[in-house]
Amino acid sequence: MKETIAMLLAGGQGSRLYALTQTVAKPAVPYGGKYRIIDFPLSNCINSGIDTVGVLTQYRPLELNTYLGDGRPWDLDRISGGLHVLPPYQSANGSDWYVGTANAIYQNIEFIEQYSPSYVLILSGDHIYKMNYAKLIASLKEKDADCVISVIDVPLEEASRFGIMTIDDSNRIIEFAEKPENPNSTLASMGIYVFRWELLKRYLEIDAANVNSSNDFGKDIIPAMLMNDEKMYAYEFEGYWKDVGTIDSLWEANMDLINPNVPFDLWSDAWKVYCRNPGNPPQYIGRNAVVENSISTAGSYIDGLVDFSVICEGVIIEEGAVVNDSIIMPHVVIQKGAVVQYSIIAENSVICSGARVGERPENTKNLDEWGIAVVASNVIIPAGAVIKPKAMIYDGMEVN
């Protein structure tokens, strides 16, 4: 038995991505240098403590299925639960493609039932964002709700592209309109829902029996629940979220990664994005950076000047910092205005603003006094400190 399982809708054709989805499903489209779009909801699930995910595939599934494999990159290769790819299949009553989002879940009721969940989380496979679904589920429990829908505030001129909600002072949903021409609100559905399973199952069965239904959550299930006065609430999400269903939005989402004014990055370990290409996120070269004759590894963040150096994974070189002829080992931070020359800086050390470590040999009066400066692991070189050539700085030494 699982308290919550997630159902990830990943079968869309992605027709507005045109040539990009000619041979692959939209969730398998590459993003950010080393990821696929589907990595984000899958990573959100495991980071949120949800270890059972059904991925509903349909259009051009081969590459997506190969990419997902057994779910191991997302820690979803579980004996109980884990990742399950759920394509349409033939039953005793025949076989059907998934007609709409609600129909896709309806066709997989047996899969859901085997886990006897209290809650079912419905996700889309075409959004870029980091979100703690545990908070969404906690909101449903706190309000004793039947359904909670994650919403984000959008500009009024864009509101007609989304399902739009009107809420009262308690965040209870009092009106829902799917892509209205004249929206009454700017609270847009993110396509992320959590339901009490027994209630949702009943609505799915009623919807499946309705020959006039389009079998869609936004067009049919949500309006039906509202009409019956079920307890439905909005959960307001304030982080970065991008629907990458068009060429323009996919381009913008990639460009956002290299825009210092956009509060979204792939370099924080606090909420890691997992993918089939293991290791760190791509390296980042900032707008102030100059990198020449150097090796920089995935996961590094460079916004300073680097020349004839080897930069390891997870290194941060801030704007205005200078690194020449040096080896910078993993997870070192070199702050603004620091200068590192002819040095080896070991793991997890910090060179604070204005500090100087090492020196070029041509600037040394006596070459016998010159040599490589070395800073050991986990050392903090204070702001303004000067570490001379040939110095050997160990953890615990007093530095000034």
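Each remark here, short or long, concerns the structure printed above.
Small disclaimer: the values here were computed from a predicted structure and weren't measured.

Analysis parameters
- Residues numbered from 1 in each chain as written.
- Predicted model: local features only at pLDDT ≥ 70, side-chain atom pairs only at ≥ 80, totals over all residues.
- Heavy atoms only, no water.
- Helix = DSSP H or I, 4+ residues; strand = E, 2+ residues; numbered from the N terminus.
- Buried < 20%, exposed > 50% of the residue type's maximum accessible area, 1.4 Å probe, protein only.
- Contact = heavy atoms within 4.5 Å.
- Areas by Shrake-Rupley, 256 points an atom, 1.4 Å probe, with all protein chains shown as cover.
- Pairing = 2+ DSSP bridges.
- Polar contact = N/O pair within 3.5 Å; in protein donor to acceptor, adjacent residues only side chain to side chain.
- Axes fitted to C-alpha atoms, helices over the stretch in contact; angles between N-to-C directions.
- Parallel < 35°, antiparallel > 145°, perpendicular 65-115°, else oblique.
- Left-handed = near helix turned anticlockwise from the far one by under 90°.
- Nonpolar A, V, L, I, M, F, W, Y, C, P; charged D, E, K, R; others polar.

Colleague: Now, about the overall build of the protein: what can you tell me, with residues and values included?
Modeller: Helix and strand content of the protein: eight helices and 33 strands. If you line up the protein on its principal axes, its C-alpha atoms span 90 × 45 × 40 Å. Across the 400 residues of the protein, 53% fall into the buried class. If you take every contact in the protein between residues at least 6 apart in sequence, the share linking residues at least 24 apart comes to 55%. When the accessible surface of the protein is split by element, carbon and sulfur atoms take 49% of a total near 18800 Å².

Colleague: Give a detailed account of the sheet that holds strand 29 (residues 356-357), specifying residues and quantitative values.
Modeller: For sheets, the rule is that strands pair by backbone hydrogen bonds, running either parallel or antiparallel. Overall, parallel pairing links the six strands, which are arranged 17-20-23-26-29-32 in an open sheet. Looking at strand neighbours, the two that pair on one side only are strand 17 (290-292) and strand 32 (386-387), the edges of this open sheet. Looking at chain direction, strand 23 (residues 322-324) and strand 26 (residues 339-341) are connected through three bridges and run parallel. Within strand 26, the position partnered with V322 by the bridge is V339.

Colleague: Would you mind going over the side chain of R36 in detail, with residue names and values included?
Modeller: For R36, the position within the fold is in strand 3 (residues 35-36). A distance of 2.9 Å separates a polar atom in the side chain of R36 from a polar atom in the side chain of E63.

Colleague: Kindly report on the packing of helix 6 (residues 197-208) against helix 7 (residues 217-227), identifying the contributing residues and their values.
Modeller: The geometry of a pair of packed helices is captured by two quantities: the angle between their axes and the separation between those axes. Packing of helix 6 against helix 7 leaves a shortest axis separation of 11 Å and a crossing angle of 120 degrees. Looking at the two axes, helix 6 sits oblique to helix 7. Two packed elements cross with a definite hand, and for helix 6 against helix 7 that hand is right-handed. Contact with helix 6, carried on its side by L199, L200, Y203, L204 and D207, involves F217, D220, I221, A224 and M225 of helix 7 and no other residues of that element. Class assignment for the residues of the contact of helix 6 with helix 7 results in eight nonpolar, no polar and two charged.

Colleague: Quick one: what's the story with the pairing of strand 12 (residues 173-178), residue by residue and with numbers?
Modeller: Of the pairings in the sheet, the one linking strand 11 (residues 163-167) to strand 12 comprises five bridges and is antiparallel in character. Along strand 12, the bridge assignment pairs G163 with E178.

Colleague: Go over the environment of V85 with me, naming the residues and quoting the values.
Modeller: Relative to the assigned elements, V85 resides in strand 5 (residues 82-86). Taking the C-alpha atoms as reference, V85 lies 29 Å from A224; in sequence the two are 139 residues apart. Apart from residues lying up to four places away in sequence, V85 is in contact with V55, T57, N65 and L68.

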